[in-house]
Every structure is written in structure tokens, then in C-alpha cells.
Amino acid sequence: DDYLQERAAILAQESTNFLGGNNTLTVKEKTVNKIILEAKNTELSMAYNNSRDFLPALHFPRSKNRINKSPVFSIIRKLPKGASLHTHLLAAASVDYLIGNITYRENLYGGFVNNVFKLKFLQSPESDTRCNWTLVKELRDKETAPVFDQWLRSLLTLTETYPNVETVWDKFKKIFTTTYDMLAYRPVFEDYLYQVLRELHDDNVIYTELKGTIMPLYELDGTTHSKEEFFQIFANTVERFKSDFPAFTGAKYIHSIYRGVENDVLKTALEEIIELRKHHPDLIAGFDFVGFEEEGCTLFDYHLLLLEAGKHLNFFFHAGETNWFGHTDLNLLDAILLNTSRIGHGFALVKHPKMLQLAKSRNIALEICPISNQVLMLNQDHRNHPAAVLMALGFPVVIGNDDPSIWDATGLSYDWFMVFMAMTPRDSGLEVLKQLAINSIVYSSMGVEEKRRSLEVWEGQWDKFLDEILKTN
Ligand SMILES: O=c1[nH]cnc2c1ncn2[C@@H]1O[C@H](CO)[C@@H](O)[C@H]1O
Ligand SMILES: [Zn+2]
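Conventions adopted
- Residue numbers here run from 1 along each chain, matching the order of that chain's written sequence.
- The order in which chains are written sets their letters, starting at A; the order in which ligands are written sets their numbers, starting at 1.
- For a predicted model such as this one, the threshold for reporting local features is a pLDDT of at least 70, and the threshold for listing and counting side-chain atom pairs is 80 or more; totals across whole chains, interfaces and linings nevertheless cover every residue.
- In computing side-chain values, all of the structure's heavy atoms are included and hydrogens and water are not.
- Donor criterion used throughout: N, O or S atom within 2.8 Å of the metal, extended to 3.2 Å for Na, K and Ca. Water excluded; incomplete-looking sites may result.
- Only two sets of limits are used to name each site, 85 to 135 degrees for every angle of a tetrahedral four-donor site, and over 155 degrees for opposite donors with all other angles from 65 to 115 for a square planar four-donor or octahedral six-donor site, with any other site named irregular.
- Numbering goes from the N terminus for both helices and strands, where a helix is a DSSP run of H or I of at least four residues and a strand is a run of E of at least two.
- Throughout, exposure labels follow a simple rule: accessible area from a 1.4 Å probe, protein chains only, divided by the maximum for the residue type, with under 20% read as buried, over 50% as exposed, and the rest as partly exposed.
- For each residue, the test is whether any non-hydrogen atom lies within 4 Å of the molecule or strand; if one does, the residue is near.
- In protein, a polar contact means a hydrogen-donor-capable atom and an acceptor-capable atom, both N or O and within 3.5 Å, with residues adjacent in sequence counting only if both atoms are side-chain atoms; elsewhere, any N or O pair within 3.5 Å suffices.
- Every accessible area reported is derived by Shrake-Rupley at a probe size of 1.4 Å, with residue values counting cover from the shown protein chains alone.
- Under the scheme applied here, ten amino acids are nonpolar (Ala, Val, Leu, Ile, Met, Phe, Trp, Tyr, Cys and Pro), four are charged (Asp, Glu, Lys and Arg), and all others, including Gly, are polar.
- Here the rule is simple: two strands pair whenever DSSP picks up at least two bridges between them.
- For this analysis, a nonpolar core means a set of buried residues of the types Ala, Val, Leu, Ile, Met, Phe, Trp, Tyr and Cys, connected via side-chain atoms within 4.5 Å.
- Whether two residues are in contact is decided by their heavy atoms, any of which lying within 4.5 Å being enough.
- Here, a salt bridge means any side-chain nitrogen of Lys or Arg that lies within 4 Å of a carboxyl oxygen of Asp or Glu.

> Is there a simple way to think about the coordination of the zinc ion (ligand 2) in this case?
Reference values for angles at a metal are 109.5 degrees in the four-donor tetrahedral case and 90 or 180 degrees in the six-donor octahedral case. Note on the zinc ion (ligand 2): its protein donors are His-86 (NE2), His-88 (NE2), His-318 (NE2) and Asp-402 (OD). The metal-donor distances range over 2.1 to 2.2 Å. Geometry at the zinc ion (ligand 2) is irregular, judged from the 4 donor atoms that bind it and their angles of 82 to 171° at the metal. Between the donor residues of the zinc ion (ligand 2), the gaps in sequence give the motif H-x1-H-x229-H-x83-D. In this pair, His-88 sits in strand 1 (residues 82-88) while His-318 sits in strand 8 (residues 318-319), placing the two residues 230 residues apart along the sequence. Given a relative accessible area of 4%, His-318 falls into the buried group.

> Would you explain the site of ligand 1 in this entry?
If you check the shell around ligand 1, you find His-88, Trp-169, Phe-172, Phe-176, Val-290, Gly-291, His-318, Glu-321, His-345, Asp-402 and Asp-403 and nothing else. Measuring from a nitrogen atom of ligand 1, one finds a side-chain N or O atom of His-88 at 3.1 Å. For ligand 1, an oxygen atom lies 2.7 Å from a polar atom in the side chain of Asp-402. Look at ligand 1: alone it shows 410 Å² of surface, and the protein chains cover 90% of it. Take the shell around ligand 1: its biggest share by element is 3 residues, from helix 8 (residues 165-183). Classifying every residue of the shell around ligand 1 by side-chain character gives 4 nonpolar, 4 polar and 3 charged.

> Whenever I open this one, the pairing of strand 9 (residues 342-345) confuses me. Can you help?
Two faces belong to every sheet, and in a regular strand the side chains alternate between them. Sheet topology note: the strand 8/strand 9 ladder contains 2 bridges and is parallel. By the bridge assignment for strand 9, His-318 is matched with Gly-344. The sheet contact formed by strand 9 and strand 10 (residues 365-368) spans 3 bridges and is parallel. In the strand pairing of strand 10, Ile-343 is matched with Leu-366.

> Explanation requested: the nonpolar core in the structure shown.
The tendency in soluble globular proteins is for nonpolar side chains to be buried side by side. Counting residues in each nonpolar core, the largest one holds 153 residues, and the members touching the most others are Tyr-192, Phe-234, Phe-287 and Leu-306. When near neighbours in sequence (up to four residues on either side) are disregarded, Leu-306 contacts Leu-270, Phe-287, Phe-289, Leu-299, Phe-315, Phe-317 and Leu-338. Of all hydrophobic cores here, the second largest spans 5 residues; its members include Tyr-109, Leu-122, Cys-131 and Trp-133.

> Hey, could you run me through the pattern of salt bridges in this one?
Note that side chains of opposite charge can pair when their charged atoms are close. Scanning all chains against the criterion turns up 32 salt bridges. Notably, a salt bridge pairs Asp-149 with Arg-140, separated by 2.9 Å at the nearest N-O pair. Across this residue pair, the class does not change: Asp-149 and Arg-140 are buried. A salt bridge links Asp-408 to Arg-153; the nearest nitrogen and oxygen atoms lie 3.3 Å apart. You can see Asp-408 sitting in the loop between strand 11 (397-399) and helix 17 (413-422) and its partner Arg-153 sitting in helix 7 (residues 145-156), a full 255 residues away along the chain. Judged by its relative accessible area of 22%, Arg-153 falls in the partly exposed class. The network of salt bridges with shared partners includes Lys-118, Lys-120, Asp-128, Arg-130 and Asp-181.

Below is the structure:
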């Protein structure tokens, strides 16, 4: 009797501590929860004795089509997920859109610059002398569209397996080199950003924070827009989207530069973004570094500049996106000491109990991007993702999609699926999903009024979602 009591008490304690474990569900939510748990348990049971069928254990490019058929996934697609707070603008729209729409536009040229294939809009191929440009239309006609488009797809995605982290990052970086100039063409940039928001909206996401860099947007005649104009165009596009889709509450920009720049370059970049933010306080949320974390500089290398800039600027640092212990992962410590608002990935955080405690007491949320971690080779099976431990501790976690374009994904639901199926216990259901959605709004950098409105919109969607699940099950 004592034994059973003690056993039950421990289990109860663990489930209360788990992310969302304190949520009490309404009667309606409890009914929906039953439906969700039944679907979850059916899928888990099928995989239990044959873990080859456990979709989160497979490489995403191989599991994607099967996930599309999963009943749990179809519920997650419909579920109002709140926000995506970790998305890189230049890898955020689906590759289908890039290839099927943008690369079919007039005046798009392709050519090899330093052995990397680049795409760019040009009025005449002579206007850029870095290589011999050929019209994409000619390349496509020569090879036939299916062959050429398949080649492009292989260039723009990471769907194979690679020997190690270094080789996968090499290919990953090249993808951005291939598309950068193409996306910096002003009319394309506007359509592209609109499409990014569209795909999130279609996936029942209402708000996002996009990590990007200030692109010198150009016109066909070669004129380029200023940094100020870049933000104006960005802001106008977001506003246009919001007026077309009133349920979408907004998008902000997180300025992101390569983590290997010299100190003087960083100093200028920080001063510049602080200045630009004064003109666009609602759009520019803050600052981050991007790039392979083992490469370039550590946050500690930059800490003096960052301490100063931190008086005027919020940080959203990628940190601890690594399997190493004792060097790269110390970026976590500096991110915390530099007062980061959230941590991107924090894959290594569980190895540092003191930092974990600090992050929790300072209410720093962790942006987890499971599919990114798998494709970029930090782990293979999502059941081994360290975020399961963090969620078990009740640590504030939010889900991001990082670079969905690169793994031929769209929206945020695939990452939610991995978290729900592989990182939460069998009997965790709607209470955890609800908390993940609420977290994404609470830990965003929206102002008080923006948050209030987003929560209100989300609550309306949530109620509709419950009704829809009840109606169709
Ligand atoms: O998860 C990530 N960690 C670090 N850098 C990243 C990640 N995802 C994308 N980028 C980097 O961001 C830039 C595009 O905005 C690219 O340079 C890409 O390498
Ligand atoms: Zn990232």
C-alpha cells in the first residue's frame, strides 16, 4: 500500500512538473484531449514493437510523407500554435514556392561564382561581371523542366545524409549563397516575405520573429535601396499581409550577423541597428548571431561590445547548438550573462545545471528547433533530444522551425509533431500543446498591447479548434 502510494505520488509530481502540467482543462478540452491521446497512443503503440515505424526516429526527408498521413499530425496542423519565434527569413518559404514560382520569373539568371551556383535577376547579363550568366529559362529549356527543377531542388535542400557536421554545414551555407541575390530583388523580396507569412498563417501560426540581415534590395535597372528603405519595405509588406489576413497579428525582425566578424564590423553593425530601431521600434526586436557555432568567434570574444550594446538592444542569441562540452557550449553562459531574452537551440543546456538554473530564474525561454538539429546532425532520433529533459523540468520552451525551406518543410507543425510524439510522455496531451502555444506568445518580444491582442486572437482560434475536433471525431 505504502509502496503504491509513494509510486503514484512520484508519478503525479512528475506530471505536474512537466511543461503545461499545471493547466487544468475545461470539460470541452478534456473531451478533445481524449481524442488527441487516443490518436497519439495508437501511433505510439504501432511503433512500440517496431521502432522503424516511429516517425520521429527517422531522418526527416524520409518521414515527411508518412507524417503527412498521420492523424496526430493532422490535428497539430489545425491546432492554433501561436507564434514561431525562431525562423530564418532566408530559409522560411517552401522550396516548392522558390522553384515553382520565383525561379520561373523573367530576367532570372544563373551562373557559377567561385564554384557556387548563384541566381540573380538582371536586366542584362553583362551588368554583373562576376561570371557568365545564362537565363534560367534557357537552362531549363535545355535540360527540360523536370530535370532542371530537380537539380535546383537538390541544390536548395539538405535531403541526403552527410558524413558529419562540418560537411552538412558546408552544403547548408552554400544554399544561402545560391538564393541570396535572387531574394534581394525588391519585387521578389516583397512577394517572398508575404509568402513566408502566408505559409505560417496557413499552418495556424499568428505571429513570427524572423532572423534576417539588412539586404541591399535592388531594382532591375541596378539601383539599390537604402537600409532605411529595406525596413520600410519590410514593414509595408507585413502591414499589407495583416490587412489581408486580420487574424495574423504581426512579424518582427531580429538582426542577425555572422558570428565571425571583426570587432569593428560588429561595433558598426550594433550602432547601426540601435539607430535604425529608433525609427522602427515595433519592427526591429533585437540582435543575434548566425553561423556554425564551432566557427568564428564566441560570445565571450565580443562580450565588451555586447555589454555596451545591451543597454539599448535586446538579444536573442543562438547558443549551445553543439554536441561539444566545455568550449562552444559556454556561449550559453555568456548569452545568459549578457541578458539574452531567449536562447536559440540551447541544445547543450542540460549539461550545465547552474546555467539551467540561472536561465530558469531569469525566465529565459529556450527556442527548440528539433528538425534543424536532426538535419544539421546534432542528433538522430528525436527521443534523444535534450528538450525532453527541459520540458520534464517545466523549463519554458518554445518551438521554432529554423530553416524549413532547407528540409522541404513548410510551417511549424512538423516540429510540433516531433516534440509532441517524441519528447512528451505518452499520457501528455492537450495541456502541453496549449502551454507551448501560450509560451510562444508570452515569450515573444511583442509589447503588452500586442500580446494582449495576440492572446485574444489565439483564444478565439483555440475555441474554434476544439469545436472542429469535436465535430469531426
Ligand atoms: O540554426 C542555425 N544556427 C546558426 N546559424 C543558422 C541557423 N540556421 C540558419 N543559420 C544561418 O543564418 C543565415 C541565414 O539567415 C545563414 O547564414 C545560415 O547559415
Ligand atoms: Zn537558427
